[in-house]
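Here is how the chains run, residue by residue.
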Amino acid sequence: MANEVKLYGVHGSPFVVRVKIALNLKGIKYEFVEEDLSNKSADLLKYNPVYKKVPVLVHNGNPVTESLVIVEYVDDAWKGGAPILPRDHYQKAQARFWAKFVDDKCMPALFKAIGSHGQEQAVAEVDEQLQFLENELKGSKCFGGDNIDLVDISATFIAFWVGAAEEALGIKVLNKDKFPKLAEWSDNFINCQAVKDGLPPRETLVAFFTRRFGKQA
Amino acid sequence: MVKSSEIKLLGTAASPFVNRVQFVLKLKSIEYEYVDENLACKSELLLKSNPVYTKVPVLIHGNKPPIPESIIIVEYLDEIYPDIHPMLPSDPLDRAQNRFWADYIDTKYFPLYEELRRTPSKEGKEAIQKQISEGIELLEETFVKLSNGKAYFGGDDVGFLDVVLGCFLGWTKFVEKHNEFKILDEVRTPKLLEWANRIWSHEAFKDAIPGSETLMNFYMMLQKSSSSVISICCQGEYEVPCLHLCLLGESYCLFYTGNEDKRMLQPSISGEGNISSKPKGRQTQNKVGNVYAQFMEEEHAAAALQNLSGRKTPSDFKSKEESPPTCHHIITIAYKGIRYSRKPLLMELCRPQKLLLDHREDYMG
């Protein structure tokens, strides 16, 4: 059966990039359908009627939505290649927990810190959440040990977007002295081929943050 | 049957998320030890087991570190005991669908019940009721699609989404009665209504869904604690003594920030309170304080407040103002917050101070 894989998204969305990384890790060929979020396509609305958001993966005509659900699906449906979720049940549960933690706690705190231009209290909240992640890294190269796993993928925003926002707005959100392991992890992560191939150009992101959040001259 | 010494579940009877895990344990015939938690005063075990969220449920399997988050626990149990009553379907696409709807139910649908409780106005409540109706109608559609004519989301027998949604049936009934509006009804959600009746009478569920009295007690506790009060006279000004009075679950907490030796303070505080510099339980945002007293009874908190009232601050502390506010003044500021708590004794105590509130600018600086 022909494997038709389409990914609806926008290049600059960290949630879409999560899916791209997963597809790259598994060596899956896909067609990227660029969406204009101010004028969503009929297909997008058909495939994601509940939230009308990207990313949406359509596999042989069947849609899957919500980035972390999609990443698990990719791992589930394509058994070859390195596993994205640990095979050990207990470690799998831990990975799911930390990925959910990134979504529930880290992302909102980071958005707030960026949106408020690095306001002290917002950054303090970020620090509180990032400390948990810093502790999780222990000695390993990635959250998944030697190989990228669900948690690494979920934290893509931290590895790449935060740096771009810091540059665009002249703020400090991720304190490299406080979180040396996270800083090292970020550098390694964005240099992995599967990740590199999925990331948007840094200049585009910096320009986006400047436009969106930059102070008026 | 799995040995009961292997699995421990930390929980509280009124939590649907805990019930969810209990259903799965029952369906899979897994014996376990249940540890009841008092959410107003969380145990050391819970705080250590779930330092990130300090919430229940938490599953402890053997001597492995604990697993929090009910959906993650359910998936874990399904994976380690796959042959006994499998919860998730085997096809990857169906699993993705199940996970999607579980996320919708937990993050979009169920939080509406809590929002309804917190909304005081009639128009506000009506708006949320409308959202709940839309949500449940979407779930009705989903049920029709996924059940494919069968009795449950999972087909012929209970599956993943049946426990994910089924655990909320107790609260659904409660919300319906309390607010006098129907969530499940024969006209708008006929299939879900039939499904709900099946769940209510299912072996694994009927003992685990808490009764309306348990839910009512929990609900009243939430109502009380959501009127928690923080009042700070000089935010961030650690050198100036501040009194914070807040409600933490069922107990009253007095946070005192100041340079005074806490031993000097002790006689002023009713003997019933525990003085500790390491407060237990979920902290409010304003967690400053080097003396902390926790009282279970309102009159003890009131007595402590009264004893502290009128005491002048020690002369050796430094302040930016020429004359720092006294505790007497500070309590006046606290009155504003106490008013929202509707605690009769405390309100009575602070009544004379109310007049001073009108002249706040004179001493607030």
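Residues numbered from 1 in each chain as written. Chains lettered and ligands numbered in written order. Predicted model: local features only at pLDDT ≥ 70, side-chain atom pairs only at ≥ 80, totals over all residues. Heavy atoms only, no water.

Considering the overall build of chain A
- The helix and strand inventory of chain A stands at ten helices and four strands.
- Seen through its principal axes, chain A has C-alpha atoms that stretch 55 × 45 × 30 Å.
- Looking at chain A residue by residue over its 217 residues, the buried ones come to 51%.
- Partitioning the contacts of chain A with sequence separation of at least 6, the portion at a separation of at least 24 is 70%.
- Working note: accessible area of chain A is about 10,000 Å², and carbon and sulfur atoms make up 50% of it. (Helix = DSSP H or I, 4+ residues; strand = E, 2+ residues; numbered from the N terminus. Buried < 20%, exposed > 50% of the residue type's maximum accessible area, 1.4 Å probe, protein only. Contact = heavy atoms within 4.5 Å. Areas by Shrake-Rupley, 256 points an atom, 1.4 Å probe, with all protein chains shown as cover.)

Observations regarding the UniProt feature "domain: GST C-terminal" (unreviewed entry) in chain A
- UniProt records the feature "domain: GST C-terminal" (unreviewed entry) for residues 88-208 of chain A in the present numbering.
- In this annotation, residues 88-208 of chain A is assigned 72% helix and 0% strand; the end-to-end C-alpha distance for the span is 40 Å. (UniProt positions renumbered as here; feature names shortened; annotations may be inferred.)

Quick notes on the domain arrangement of chain A
All names here are of chain A.
- Here chain A is described as being made up of domain 1 (5-77) and domain 2 (89-213).
- Put simply, the middle of domain 1 and the middle of domain 2, counted by C-alpha atoms, are 21 Å apart.
- Domain 1 puts 15 residues into the contact, and the matching count from domain 2 is 21 residues.
- Between domain 1 and domain 2, roughly 1,400 Å² of surface is buried when both sides are summed, and carbon and sulfur atoms account for 71% of that area.
- The three residues of domain 1 that bury the most area against domain 2 are Arg18, Ile21 and Leu68, which together make up 36% of that side's buried surface.
- One can count two salt bridges joining domain 1 with domain 2.
- Its salt-bridge partner being Arg96, residue Glu72 comes within 2.9 Å of it at the nearest N-O pair.
- Inspection of the region where domain 1 meets domain 2 yields five residue pairs in polar contact (both at pLDDT 80 or more).
- Elements supplying a minimum of two residues to the side of domain 1 that touches domain 2: helix 1 (14-25) and helix 3 (67-77).
- Ranked by residues supplied to the side of domain 1 that touches domain 2, first place goes to helix 1 with nine residues.
- Partitioning the side of domain 1 that touches domain 2 into residue classes produces eight nonpolar, four polar and three charged. (Domains from an automatic or database assignment. Buried area = accessible area lost by both parts, 1.4 Å probe. Salt bridge = Lys/Arg side-chain N within 4 Å of Asp/Glu carboxyl O. Polar contact = N/O pair within 3.5 Å; in protein donor to acceptor, adjacent residues only side chain to side chain. Nonpolar A, V, L, I, M, F, W, Y, C, P; charged D, E, K, R; others polar.)

Regarding the sheet that holds strand 2 (residues 33-36) of chain B
Residue and element names in this part refer to chain B.
- Taken together, the four strands give an open sheet; going across it, the order is 2-1-3-4, and neighbouring strands pair in mixed fashion. Bordering the open sheet on either side are strand 2 and strand 4 (67-68), each of which pairs with just one other strand.
- Alignment of strand 1 (residues 7-11) against strand 2, held across four bridges, turns out to be parallel. Directly across from Leu9, in strand 2, lies its bridge partner Tyr34.
- Seen against the sheet, helix 1 (residues 16-27) touches strand 1, strand 2 and strand 3 (58-61) and runs at an angle of roughly 155° to strand 1. (Pairing = 2+ DSSP bridges. Axes fitted to C-alpha atoms, helices over the stretch in contact; angles between N-to-C directions.)

A word on the environment of Ile136 of chain B
Residue and element names in this part refer to chain B.
- Counting through the fold element by element, Ile136 comes out in helix 6 (residues 122-147).
- According to the relative accessible area criterion, Ile136 is buried, its value standing at 4%.
- Along the sequence, Ile136 and Leu169 sit 33 residues apart, while their C-alpha atoms lie 12 Å from each other.
- Those residues in contact with Ile136 that lie beyond four places of it in its chain are Tyr109, Ile183, Leu184, Arg188, Thr189 and Leu192.

Concerning the UniProt feature "domain: GST N-terminal" (unreviewed entry) in chain A
- UniProt's feature table lists "domain: GST N-terminal" (unreviewed entry) at residues 3-82 of chain A, given in the numbering used throughout.
- End C-alpha atoms of residues 3-82 of chain A are separated by 19 Å, and the span's content is 36% helix alongside 21% strand.

Quick notes on the side chain of Glu35 of chain A
Residues and elements named next belong to chain A.
- Tracing the backbone through its elements, the reader meets Glu35 in the loop between strand 2 (31-34) and helix 2 (42-47).
- For the buried Glu35, which has no salt bridge, the nearest side chain bearing the opposite charge is Lys40, at an N-O separation of 7.8 Å.
- Leave out the neighbours within four places in its chain, and Glu35 touches Tyr8, Gly9, Val10, Lys40, Ser41, Leu44 and Val54. (Lys, Arg positive; Asp, Glu negative; His and termini not counted.)

Looking at the interface of chain A and chain B
- Between chain A and chain B, the residue contacts involve 25 residues of the former and 27 residues of the latter.
- Buried area between chain A and chain B, both sides added, is near 2,400 Å², and the carbon and sulfur share of it is 67%.
- Its largest share of buried area at the contact with chain B, chain A owes to Tyr51, Tyr90 and Phe97 of chain A, together 26% of the area lost on that side.
- Remark: the boundary between chain A and chain B carries seven salt bridges.
- The salt bridge involving Arg95 of chain B is made with Asp76 of chain A; its shortest N-O contact spans 2.8 Å.
- Taken together, the connections running from chain A to chain B amount to seven residue pairs in polar contact (both at pLDDT 80 or more).
- If you list the elements that add at least two residues to the side of chain A that touches chain B, you get strand 4 (62-65), helix 3, helix 4 (89-115) and helix 5 (120-137) of chain A.
- When the residues that make up the side of chain A that touches chain B are grouped by side-chain class, the tally is twelve nonpolar, four polar and nine charged.

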